[in-house]
Amino acid sequence: MSDAPLSPSFDEGSLARPAMAAAEQLVITADDGTELVHAVSVAVRPGEAVGIVGESGSGKTLTCRALLGILPAGLSITGGAVRIDEQNLTHASERDWRRVRGTRVAAVFQDPASYLHPAVPVGAQLEETLRVTAGVPRRIARERARELLDDLGIRRVDLVLRQRVAQLSGGMLQRVLIAMALAADPAVLIADEATTALDVTVQAELLELLARLRLERDLALILVSHDLAVVAQVCERVQVFRDGRVVEAGATSRVLRAPGHPYTRELLSAHAAYGLERYLA
C-alpha cells in the first residue's frame, strides 16, 4: 500500500467557517539544511477539536510551535504559511507575534511546573498574566483570577491562589496553566501532551474540562497526543503524523475504525489493550 497521505473522508461542509489557525503546506528546516517538517497542513475552526497524533519526533510539536511563533533556535519556516485569523504570520517579527500570542492563540504543555516560578504564589503569576496579556487593571486582577480558577472547577480558590508550585498536584498546576492560557480569551487553544503525565482520573477530568471550554467559548482546540484514546474522546477530526508528514487525516471515527495507512494501523494495534473501542461507540 502506498505511504502517500490520504485525503480526508469527512464532509467538509461543516467546516465552512474560516480557520482560526492554520499551517498551510508548512516546511520547517534546521540551519544545517535538514528538513524536519514536510509540507504539513493543519487547520482548526471555531468550536472544533482537531487531534494530532504520532510518535516522538514526528513533527507534531514543531508544527504547533510554528502556529505559536516559538520555533526553537536553529529552526525556521522555509516553505508554506502560518495564518492566525487569516493573517499571514509566516515571517512575522516577535513584536507582531506578541500581538496574537495569548490573545488569539494560546497553549498549554506537558509538565506545567516547568512553566511556573517555584517561589512565587500561583495567584500572583496568574494575576501578572492577566495584567500583561489581557490588560486587566491591577485592582481587579485578583478577582478575575478567582473567577478563572472557579470556572475551571478548582475548589478553595483563595487557598490555591496563595500556594506555590510544590504545594499543588500536577492536575491542579495544569488547571492553573489553562487559566493563564485563557486569560485573554483566545480563539485557539493548543494542548500539547497536556494530560500525558497525569494519572487516569485527573486526565479524564481535564479532558472533560477542555471539552466543556470548547463548547462554552466556541474555542478552536488542537489536542496533541501520542494517546489515541485521548483523541478519540475529545476530537471530531484527527491527523496522524509520522516522520514530519501527515500520513492520514479525516473524521476521528473513520480513521480509528478503518485506518487506511499502515502506520495508523500500528498505532491502533499498540493501543488495543487500552480499550480504545469504547470511545468509538
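Draft legend 1. Representation of the pairing of strand β6 (residues 105–109) in the model. Most of β6 sits inside the fold, with five of its five residues counted as buried. Both faces of β6 are covered, namely the face carrying Val105, Ala107 and Phe109 and the face carrying Ala106 and Val108. As paired elements, β6 and strand β7 (residues 188–192) share five bridges and run parallel to each other. Looking at β7, one finds that alanine 106 is bridged to leucine 189.

Draft legend 2. Structural detail: the nonpolar core. Counting 56 residues, the largest nonpolar core has Leu126, Leu149, Ile178 and Leu223 as the members making the most contacts within it. When residues in this core are grouped by element, the largest group, seven residues, is from helix α6 (residues 170–181). The contacts of leucine 126, once residues within four sequence positions are left out, are Ala145, Leu148, Leu149, Ala179 and Met180. Listed in part, the 34 residues of the second largest apolar core include Val40, Val100, Ala107 and Phe241.

Draft legend 3. Main features of the layout of surface pockets. Size it by volume and the largest pocket reaches roughly 670 Å³. Lining the largest pocket are 22 residues, and of these Arg101, Gly102, Thr129, Thr133 and Met180 sit closest to its centre. The set of elements that each furnish at least two residues to the lining of the largest pocket consists of α1 (60–68), β6, α3 (122–134) and α6. Of the residues contributing to the lining of the largest pocket, the split by class is 13 nonpolar, five polar and four charged.

Draft legend 4. Region of the structure containing the packing of α6 against helix α7 (residues 200–217). For the pair α6 and α7, the least separation of the axes is 10 Å and the interaxial angle reads 20°. Considering the angle they form, α6 stands roughly parallel to α7. The way α6 lies across α7 gives a crossing that is right-handed. Note on element contacts: α7 touches α6 through Val202, Glu205, Leu206, Leu209, Leu210 and Leu213, opposite Gly171, Gln174, Arg175 and Ile178. Per-class residue counts for the contact of α6 with α7 are six nonpolar, two polar and two charged.

Rules used in this analysis
- Residues numbered from 1 in each chain as written.
- Predicted model: local features only at pLDDT ≥ 70, side-chain atom pairs only at ≥ 80, totals over all residues.
- Heavy atoms only, no water.
- Buried < 20%, exposed > 50% of the residue type's maximum accessible area, 1.4 Å probe, protein only.
- Helix = DSSP H or I, 4+ residues; strand = E, 2+ residues; numbered from the N terminus.
- Pairing = 2+ DSSP bridges.
- Core = buried A, V, L, I, M, F, W, Y, C linked by side-chain atoms within 4.5 Å.
- Contact = heavy atoms within 4.5 Å.
- 1 Å grid on protein atoms, 1.4 Å probe; cavity = no way out; pocket = protein on both sides within 12 Å on 5 of 7 lines; lining within 4 Å.
- Points joined across faces, edges and corners; volume = space filled by probe spheres on them.
- Nonpolar A, V, L, I, M, F, W, Y, C, P; charged D, E, K, R; others polar.
- Axes fitted to C-alpha atoms, helices over the stretch in contact; angles between N-to-C directions.
- Parallel < 35°, antiparallel > 145°, perpendicular 65-115°, else oblique.
- Left-handed = near helix turned anticlockwise from the far one by under 90°.

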